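Examination of the molecular architecture
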Amino acid sequence: MRAERLLRLLLHLQTRGQSTVAQLSQALEVSPRTVQRDLDSLSLAGVPVYSVRGRAGGWAILPDYRSRLTGLTPSEVMSVFVGATAHVLADLGLDASSEQAVSKLIASLPEGTRREAEYARQRLLIDHAAWDDRRETPRWLDLCRQSVWEERRLQITYGDPPEPGTTPPPATPFLVEPLGLVAKARTWYLVAARTDGRLRTYRLGRLTSAALTDEPFTRPPDFDLAAYWADSQREFLAGRPSYPITLKVRAHAIRRFRPTEPMLPAEDGWWLIHTDLENPHEACAAVLAQAGAAQVLAPPELINLVRKAAQQIAKSH
């Protein structure tokens, strides 16, 4: 995290020029004291940062300076180069550019640090996709990205795909002002403002049409994509239906559930866990999928539901 923060601080000064400690603190989401320590670290590493005193003062970097990342330790450099999200870059058409950028960055490192970075890249890979991950094809991704970049309104229709053999009613198109794109696992989302100013999140897989208009819009100067996404995730989790259950689970099946409380060992390799699902039917399906490696202890409603479903399965087979 410190390596990433130092890079962000350096790039901020290079691209945005003179900034106060308060502005840097807000941009990096750290305390002013941390910013001051990071500025000292850059200075000790040979980066020509300097302070400008007075009411219009702040911190700046010499205009002709170009960073070579020489002030970072080998472990910090490795943390920067390991774990690129390949499928996200591929969706955006940036996979080749990313590889070229990484090669250029590594070439700019001192010889010893360069060996450490290459050593890590050849031995560590972070793949965020699960084995059973089904990738959603982002049909409108390029158009949405163009709208975000060029700050032009997008006309879209949105909804669930029609059921086979049915004719859905015609969808009404509406205008949005795209502010950002978010890749959540293998699914892409568009964060956009409606013409009334309300912010909404749209799953690209549910867009049924999209057309780029010539209408420009003004991006809100105080909009922060990361902060908006974090808030929306908290709201989603808080508003999600809750169905708490208690299970006795074999050790190998624990990974299929997300315990909400510390687990307790039971007899003969079983574990007592508490978890939370959306509704009884989802909970029943989750338990039956473990083929006897999960037993329901509470609530009684779920016990009866699993028992009846198991009896029907046995009867049909």
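Anyway, here's the lowdown on the structure attached to this text. None of the values given here were measured: they were computed from a predicted structure. (Residues numbered from 1 in each chain as written. Predicted model: local features only at pLDDT ≥ 70, side-chain atom pairs only at ≥ 80, totals over all residues. Heavy atoms only, no water.)

**Details of the packing of aromatic side chains**
- In the structure shown here, the tally under the stated rule is four aromatic pairs.
- Centroid distance Tyr158 to Tyr202: 5.1 Å. Interplanar angle 80°. Geometry classified as edge-to-face. You can see Tyr158 sitting in strand β3 (residues 152-158) and its partner Tyr202 sitting in strand β6 (residues 199-203), a full 44 residues away along the chain.
- Relative accessible area serves as the criterion here: at 5%, Tyr202 is assigned to the buried category.
- With a centroid separation of 5.6 Å and an interplanar angle of 45°, the aromatic rings of Tyr189 and Trp229 are classed as tilted. One end of the pair, Tyr189, is in strand β5 (residues 187-194); the other, Trp229, is in helix α9 (residues 225-239), with 40 residues separating them in the sequence.
- Residue classification places Tyr189 among the buried positions, given a relative accessible area of 19%. (Phe/Tyr/Trp six-rings, centres within 6.5 Å; stacked < 30°, edge-to-face > 60°. Helix = DSSP H or I, 4+ residues; strand = E, 2+ residues; numbered from the N terminus. Buried < 20%, exposed > 50% of the residue type's maximum accessible area, 1.4 Å probe, protein only.)

**Section: the sheet that holds β5**
- Taken together, five strands build an open sheet; the order of strands is β6-β5-β4-β3-β7 and the sheet is antiparallel. The open sheet has two edge strands with one neighbour each: β6 and β7 (207-216). The sheet shows a mean angle of 40° between the axes of neighbouring strands, direction not considered.
- Where β5 meets β6, five bridges bridge the pair, whose relative direction is antiparallel. Within β6, the residue paired with Val191 across the bridge is Thr201.
- Along the sheet, helix α8 (residues 141-150) contacts β3, β4 (174-184), β5 and β7; its crossing angle with β4, the most-contacted strand, is approximately 110°.
- Sitting on the sheet, α9 is in contact with β4, β5 and β6, with an inclination near 85° to β4. (Pairing = 2+ DSSP bridges. Axes fitted to C-alpha atoms, helices over the stretch in contact; angles between N-to-C directions. Contact = heavy atoms within 4.5 Å.)

**Thoughts on the environment of Ala283**
- As for its position among the elements, Ala283 is in helix α10 (residues 280-288).
- Here the alpha-carbon distance between Ala283 and Ile245, two residues 38 residues apart in the chain, equals 8.0 Å.

**Section: unusual backbone geometry**
- Following Ala298, the chain continues to Pro299 via a peptide bond in cis, the omega torsion being 5°.
- Inspection of the secondary structure assignment puts Pro299 in the loop between β11 (294-298) and α11 (300-316).
- Positive phi outside glycine occurs at Glu29, with the angle close to 60°.
- For Glu29, the position within the fold is in the loop between α2 (21-28) and α3 (32-44).
- Positioned with a positive phi, Ala291 is a non-glycine residue whose angle comes to about 50°.
- Since its relative accessible area comes to 71%, Ala291 is described here as exposed.

**Side note on the sheet that holds strand β9 (residues 264-265)**
- Spatial strand order, β9-β10-β8-β11: four strands in an open sheet with antiparallel pairing. This sheet does not close on itself; its edge strands, each paired only once, are β9 and β11.
- Examined bridge by bridge, strand β8 (residues 243-250) and β11 share four bridges and lie antiparallel to one another. Residue pairing across strands places Leu247 opposite Val296, the latter belonging to β11.
- Contacts between α11 and the sheet are confined to β8 and β11, with β11 contributing the most and set at about 145° to the helix.

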